[in-house]
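The lines below spell out each chain.
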Amino acid sequence: MGTLGSNQTCVTDDSFKYPLNGVVYSVVFVLGLVTNCASLFVFCRRMSARSEATIFMTNLAMSDLLFVCTLPFKIFYNLNRHWPFGDPLCKVSGTVFLTNIYGSMLFLTCISVDRFLAIGHPFRSRTLRTRRNCALVCVAVWVLVLGGGISASFFSTTNVSNATTTCFEGFSQLTWKTYLAKITIFIEVVGFLIPLLLNLTCASLVLRTLRKPATLAQIGTNKEKVLKMIAVHVAVFVVCFVPYNSTLFLYALVRSRAVTSCTLERFARTMYPITLCVATLNCCFDPFIYYFTSEAFQKALAVHPPIRLVTLFRGGAPLSTKAVLPALAEDLSDPPGTDGRELMSESRL
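Quick caveat, the model's predicted, so the values are computed rather than measured. (Residues numbered from 1 in each chain as written. Predicted model: local features only at pLDDT ≥ 70, side-chain atom pairs only at ≥ 80, totals over all residues. Heavy atoms only, no water.)

### Quick notes on the UniProt feature "transmembrane region" (unreviewed entry) in the chain
Here comes step 1: In the UniProt entry, the feature "transmembrane region" (unreviewed entry) is given for residues 23–43, 55–76, 96–113, 134–155, 183–207, 227–251 and 271–292.
Here comes step 2: What you have in residues 134–155 is 82% helix and 0% strand, and the ends, taken at the C-alpha atoms, are 34 Å apart.
Here comes step 3: Along residues 183–207 one finds 100% helix and 0% strand; the C-alpha atoms at either end are 35 Å apart. (UniProt positions renumbered as here; feature names shortened; annotations may be inferred. Helix = DSSP H or I, 4+ residues; strand = E, 2+ residues; numbered from the N terminus.)

### Looking at the nonpolar core
Here comes step 1: If you look at the biggest cluster of nonpolar residues, it comprises 66 residues, and the most contacted ones within it are Ile101, Tyr102 and Tyr244.
Here comes step 2: Discounting residues that sit within four places of it in the chain, Tyr244 has contacts with Phe97, Ile101, Tyr102, Tyr272, Thr275, Leu276 and Ala279.
Here comes step 3: In terms of nonpolar packing, the next biggest core, distinct from the first, is built from nine residues, Ala203, Val206, Val226 and Ile230 among them. (Core = buried A, V, L, I, M, F, W, Y, C linked by side-chain atoms within 4.5 Å. Buried < 20%, exposed > 50% of the residue type's maximum accessible area, 1.4 Å probe, protein only. Contact = heavy atoms within 4.5 Å.)

### Topic: a positive patch on the surface
Here comes step 1: Taken together, the side chains of Arg208, Arg211, Lys212 and Lys223 make up a positively charged region of the molecular surface.
Here comes step 2: Among the secondary structure elements, Arg211 is positioned in the loop between helix H5 (173–210) and helix H6 (213–219). (Patch = residues over 30% accessible without salt bridge, like charges linked within 9 Å, V, L, I, M, F, W, Y side chains within 5 Å. Areas by Shrake-Rupley, 256 points an atom, 1.4 Å probe, with all protein chains shown as cover. Salt bridge = Lys/Arg side-chain N within 4 Å of Asp/Glu carboxyl O. Lys, Arg positive; Asp, Glu negative; His and termini not counted. Charge placed at Lys NZ, Arg CZ, Asp CG, Glu CD.)

### Comments concerning the packing of helix H3 (residues 87–120) against helix H4 (residues 131–151)
Here comes step 1: Packing of H3 against H4 brings their axes to within 8 Å, and their N-to-C directions diverge by 150 degrees. Viewed along their axes, H3 and H4 form a crossing whose handedness is right-handed. Here Thr95, Leu98, Thr99, Tyr102, Gly103, Leu106, Phe107 and Cys110 of H3 lie close against H4, whose contacting residues are Val137, Cys138, Val141, Trp142, Leu144, Val145, Leu146, Gly149 and Ile150.
Here comes step 2: The residue makeup of the contact of H3 with H4, split by class, is 13 nonpolar, four polar and no charged. (Axes fitted to C-alpha atoms, helices over the stretch in contact; angles between N-to-C directions. Left-handed = near helix turned anticlockwise from the far one by under 90°. Nonpolar A, V, L, I, M, F, W, Y, C, P; charged D, E, K, R; others polar.)

### Some words on helix H7 (residues 223–255)
Here comes step 1: For H7, with 33 residues, the first-to-last C-alpha span of 47 Å sits near the 48 Å given by 1.5 Å per residue.
Here comes step 2: When the local axis directions of H7 are compared, the greatest deviation, roughly 35 degrees, occurs at Phe241, which is followed within four positions by the proline Pro243.
Here comes step 3: Looking one or two places after H7, you find Arg257, whose phi comes out positive at around 65 degrees. (Expected span 1.5 Å × (residues − 1). Bend = angle between axes of the 7 residues up to and from the residue.)

### Comments concerning a nonpolar patch on the surface
Here comes step 1: A contiguous nonpolar patch, built from Ile185, Val189, Leu193, Ile194, Leu198 and Phe249 and spanning about 480 Å² of accessible area, is present on the exposed surface.
Here comes step 2: Relative to the helices and strands, Val189 is located in helix H5.

### Concerning the pairing of strand E1 (residues 158–161)
Here comes step 1: Pairing analysis gives four bridges linking E1 to strand E2 (residues 164–167), with the strands arranged antiparallel. In the strand pairing of E2, Asn159 is matched with Thr166. (Pairing = 2+ DSSP bridges.)

### A closer look at the environment of Tyr102
Here comes step 1: Here Tyr102 lies in helix H3.
Here comes step 2: As a C-alpha pair, Tyr102 and Ser63 span 39 residues in sequence and 9.9 Å in three-dimensional space.
Here comes step 3: Setting aside residues up to four positions removed in sequence, Tyr102 forms contacts with Val145, Ile187, Glu188, Gly191, Phe192, Tyr244, Asn245 and Leu248.

### Looking at unusual backbone geometry
Here comes step 1: Positive phi outside glycine occurs at Ala163, with the angle close to 65 degrees.
Here comes step 2: Topologically, Ala163 is positioned in the loop between E1 and E2.
Here comes step 3: Here Ala163 falls in the exposed class, since its relative accessible area comes to 70%.
Here comes step 4: With a phi angle near 60 degrees, Phe168 is a residue other than glycine that sits in the positive phi range.
Here comes step 5: Tracing the chain through its elements places Phe168 in the loop between E2 and H5.

### Re the pattern of salt bridges
Here comes step 1: Scanning the model with the defined rule gives eight salt bridges in all.
Here comes step 2: Residue Lys17 is joined to Asp14 by a salt bridge in which the shortest nitrogen-to-oxygen separation is 3.5 Å.
Here comes step 3: Given a relative accessible area of 15%, Asp14 falls into the buried group.
Here comes step 4: Note that Arg129 and Asp114 form a salt bridge whose closest N and O atoms lie 2.8 Å from each other. A residue pair is termed long-range when its members are at least 10 positions apart, and Arg129 in the loop between H3 and H4 and Asp114 in helix H3 qualify at 15 residues.
Here comes step 5: Shared partners join several salt bridges into a network, and the residues in it are Asp14, Lys17, Glu169, Arg257, Glu265 and Arg269.

### Describing the state of the cysteines
Here comes step 1: Per the stated rule, a full pass over the model turns up one disulfide.
Here comes step 2: Disulfide pairing is shown between Cys90 and Cys167; the S-S distance is 2.0 Å. Taking the sign of the torsion about the S-S bond as the criterion, the disulfide between Cys90 and Cys167, at about 105 degrees, is right-handed. Pair noted here: Cys90 is in helix H3 and Cys167 is in strand E2, with a separation of 77 residues, a long-range link.
Here comes step 3: Residue Cys167 is classed as buried on the basis of its relative accessible area, which comes to 10%.
Here comes step 4: Unpaired in terms of disulfides, Cys69 finds its nearest cysteine sulfur in Cys37, a separation of 7.2 Å. (Disulfide = S-S within 2.5 Å.)

### Things to note about the packing of aromatic side chains
Here comes step 1: Under the definition given, this model contains 13 aromatic pairs.
Here comes step 2: Arranged with centres 4.6 Å apart and planes meeting at 15 degrees, the rings of Tyr251 and Tyr272 form a pair that is stacked. Here Tyr251 is found in helix H7, whereas its partner Tyr272 is found in helix H8 (residues 262–280), with 21 residues between them in sequence.
Here comes step 3: Within the aromatic cluster, the residues linked to one another by ring pairs are Tyr18, Phe73, Phe76, Tyr77, Trp83 and Phe85. (Phe/Tyr/Trp six-rings, centres within 6.5 Å; stacked < 30°, edge-to-face > 60°.)

Encoded structure:
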């Protein structure tokens, strides 16, 4: 494996990333705009009741839509290999990208933790799983990811070379070594490693809880449905974010010259744009999580939706149910002839 001296440079050609990014961003823009606008319409207009998980999913859809709206600038940049929009808009574009990537991981983690509490500790967690607490968590996530994204854009994000302006690339080794590498490591730990461990831990604990015969009767749903939720959730997280963040960490090491292997630098420079494109596809995959996680979301997408949920929630519910789970009382109220387990599974999961 070749190594580099302090004055040597490793010649690599990653120009393939421009047409690749242009094509992928164009696809993500069209699909992401349609699916996330539709998702927000369903969450805000078609669903009369919003569970705790729905609040997290609504914020996730907002994050995806915000990122999608910046893609036309990125598409122009990659197709023309020139950024004519100025440094401020480049900062905004980079900040929104980081906000979406790491905000998506954190909101997915919130959904995973909420599911674990609902299944593993349905009674003890009733004081935690409230709409107010969910809203506070969402605010904290937005503050964290916006702060991280802005901190990565303090310096000049555009570089001019041969009458061509680049955006968020072409930074010097000094910039990487003194600033960007440190920011990258912090973001990787807080925005990726911790959420990854929490998602895997919650998924494994839910699977272990499902082995108990009394669990499925308690949460009012079937095992296959829960397994499908977990599978889709973990698949989106692992496929979209693990390759990108793993490559980003290696990319920061070779750009800051912490690792001086030319072979590793070529590998990182080749894989980084590919995994970056895969990561942006999360905007198109997230609606699958909404569909498989929320029964109300599925019903709202139906051509001929069933009776409006607001009429269902007006029905009477046993006083014991409201006394045990007051935070979920409106979600558990079923009119005569309605299967209470179906509504309980929606509010809990």
